[in-house]
Amino acid sequence: MVLAYLLQFLCFFGLVNAHFRLNYPEPRGVFVADKEPTFCGGYTNAVSNRSTFPLSGGFFTIRTGHPDFTVGVLLSTAQNPNSFDNFTNSTGGQQFVRNYVKEPTAGTFCFPLDIAAANIPGVGDGANVTIQVVFAGGDGNLYQCADLTLSSTVKIPDNVTCVNQTETGGHSANGTSGGAPGATQTAGTMGRVHYASVYLTLSLGLAGMVLGFL
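Quick caveat: nothing in here was measured; it's all calculated off a predicted structure.

Thresholds, definitions, all that
- Residues numbered from 1 in each chain as written.
- Predicted model: local features only at pLDDT ≥ 70, side-chain atom pairs only at ≥ 80, totals over all residues.
- Heavy atoms only, no water.
- Salt bridge = Lys/Arg side-chain N within 4 Å of Asp/Glu carboxyl O.
- Helix = DSSP H or I, 4+ residues; strand = E, 2+ residues; numbered from the N terminus.
- Buried < 20%, exposed > 50% of the residue type's maximum accessible area, 1.4 Å probe, protein only.
- Disulfide = S-S within 2.5 Å.
- Pairing = 2+ DSSP bridges.
- Axes fitted to C-alpha atoms, helices over the stretch in contact; angles between N-to-C directions.
- Contact = heavy atoms within 4.5 Å.
- Core = buried A, V, L, I, M, F, W, Y, C linked by side-chain atoms within 4.5 Å.

Chemist: Summarise the pattern of salt bridges; cite the residues concerned and give the values.
Modeler: Per the stated rule, a full pass over the model turns up one salt bridge. Its salt-bridge partner being Asp-147, residue Arg-28 comes within 3.0 Å of it at the nearest N-O pair. Placement of Arg-28 in the loop between β1 (20–24) and β2 (51–54) and of Asp-147 in strand β8 (residues 141–151) is noted, with a sequence separation of 119 residues between them. Neither Arg-28 nor Asp-147 differs from the other in exposure class; each is buried.

Written out as structure tokens, the structure is:
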């Protein structure tokens, strides 16, 4: 009986740990964990107050407690994209504005997002677009969307930082992961803290279940 409860506890922890949050740009709505496996994290319609976002030289940031994940970004030029079909190109394939990148550790990460460089038809200064961040942590895809108005002159606010992005490594613009020592060290530290909290939580949970059966 104790073993059965322990297995349920481990499964529950794994499910909670698989989620991610889109920190920047601002997502369509508040985070709802149960809705993340669905289109745009459960928010079907575009918002009226779109975020102004750089046409070139932008980035997005996410936070996750799940190590060994991949993340990529789809883009739609539809004014109100409300299905996965709106994020496809002329040949029916997924329309990526940012190729998948893989990260081995949990934590907060920043990835370059140069929308102009993707050369997607309909993308330009003043265009309304929607990005859909696709996160895969090994147990199915999760989704978050952000509705944007692109600008060739706007800059990302100074209070929004990109701690992982470097000129010599980190996360390169073509969707492959580089090896900047600073970025790797930061991510590794986050990962060690994350795993320490995992072990502590599991130990306390197991101890509580054992005491409950004494």
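Chemist: Quick one: what's the story with unusual backbone geometry, residue by residue and with numbers?
Modeler: With the exception of glycine, most residues fall at negative phi, and the peptide bonds are largely trans. With an omega dihedral of -5 degrees, the bond running from Tyr-24 to Pro-25 counts as a cis peptide bond. Mapped onto the secondary structure, Pro-25 falls in the loop between β1 and β2. Even without being a glycine, Asp-68 presents a positive backbone phi close to 55 degrees. Positionally, Asp-68 belongs in the loop between β3 (58–64) and β4 (69–76). Here Asp-68 falls in the partly exposed class, since its relative accessible area comes to 44%. Of note in the backbone geometry, Asn-119 takes a positive phi value of approximately 55 degrees without being a glycine.

Chemist: Give a description of the state of the cysteines that names residues and reports values.
Modeler: Tallied over the full model, the rule gives two disulfides. What pairs with Cys-40 in a disulfide is Cys-145, and their sulfur atoms sit 1.9 Å apart. A torsion of -70 degrees about the S-S bond marks the disulfide between Cys-40 and Cys-145 as left-handed. On the criterion of sequence distance, the pair formed by Cys-40 in the loop between β1 and β2 and Cys-145 in strand β8 is long-range, its members being 105 residues apart. For Cys-110, the disulfide goes to Cys-162, at an S-S distance of 1.7 Å. Torsion about the S-S bond of the Cys-110 and Cys-162 cystine: about -95 degrees, corresponding to left-handed handedness. Note that Cys-110 is positioned in strand β6 (residues 107–113) and Cys-162 in the loop between β8 and α2 (181–212), a separation of 52 residues in sequence.

Chemist: Before we move on, could you go through the sheet that holds β6 and cite the residues and values that matter?
Modeler: The antiparallel open sheet is built from three strands, whose spatial order is β1-β3-β6. Edge positions in the sheet fall to β1 and β6, since each of these pairs with one other strand and no more. Strand after strand, the sheet turns through a mean of 25 degrees between neighbouring axes, direction not considered. Where β1 meets β3, four bridges bridge the pair, whose relative direction is antiparallel. Residue pairing across strands places Tyr-24 opposite Thr-61, the latter belonging to β3.

Chemist: Account for the environment of Val-123, naming residues and giving values.
Modeler: Topologically, Val-123 is positioned in the loop between β6 and β7 (128–136). Sequence separation between Val-123 and Thr-77 is 46 residues; the distance between their C-alpha atoms is 7.1 Å. When near neighbours in sequence (up to four residues on either side) are disregarded, Val-123 contacts Leu-55, Leu-75, Thr-77, Ile-115, Val-129 and Leu-150.

Chemist: Which residues make up the environment of Phe-20, and what values do they have?
Modeler: As for its placement among the helices and strands, Phe-20 is situated in strand β1. Separated by 11 residues in sequence, Phe-20 and Phe-31 place their C-alpha atoms 9.2 Å apart. Look past the residues within four positions of Phe-20 in its chain and what remains in contact with it is Phe-31, Glu-36, Ile-62, Arg-63, Thr-64, Val-133, Phe-135, Leu-142, Tyr-143 and Gln-144.

Chemist: With reference to specific residues and values, describe the nonpolar core.
Modeler: Ranked by size, the top nonpolar core spans 31 residues in total, and within it Phe-60, Ile-62, Val-71, Phe-111, Leu-113 and Ile-115 carry the most contacts. Residues within four places of Ile-115 in sequence aside, it is in contact with Phe-53, Leu-55, Leu-75, Val-97, Val-123, Leu-148 and Leu-150. In terms of nonpolar packing, the next biggest core, distinct from the first, is built from seven residues, Phe-39, Leu-74, Val-134 and Tyr-143 among them.

Everything listed here is a matter of coordinates, which is why it stays silent on function.
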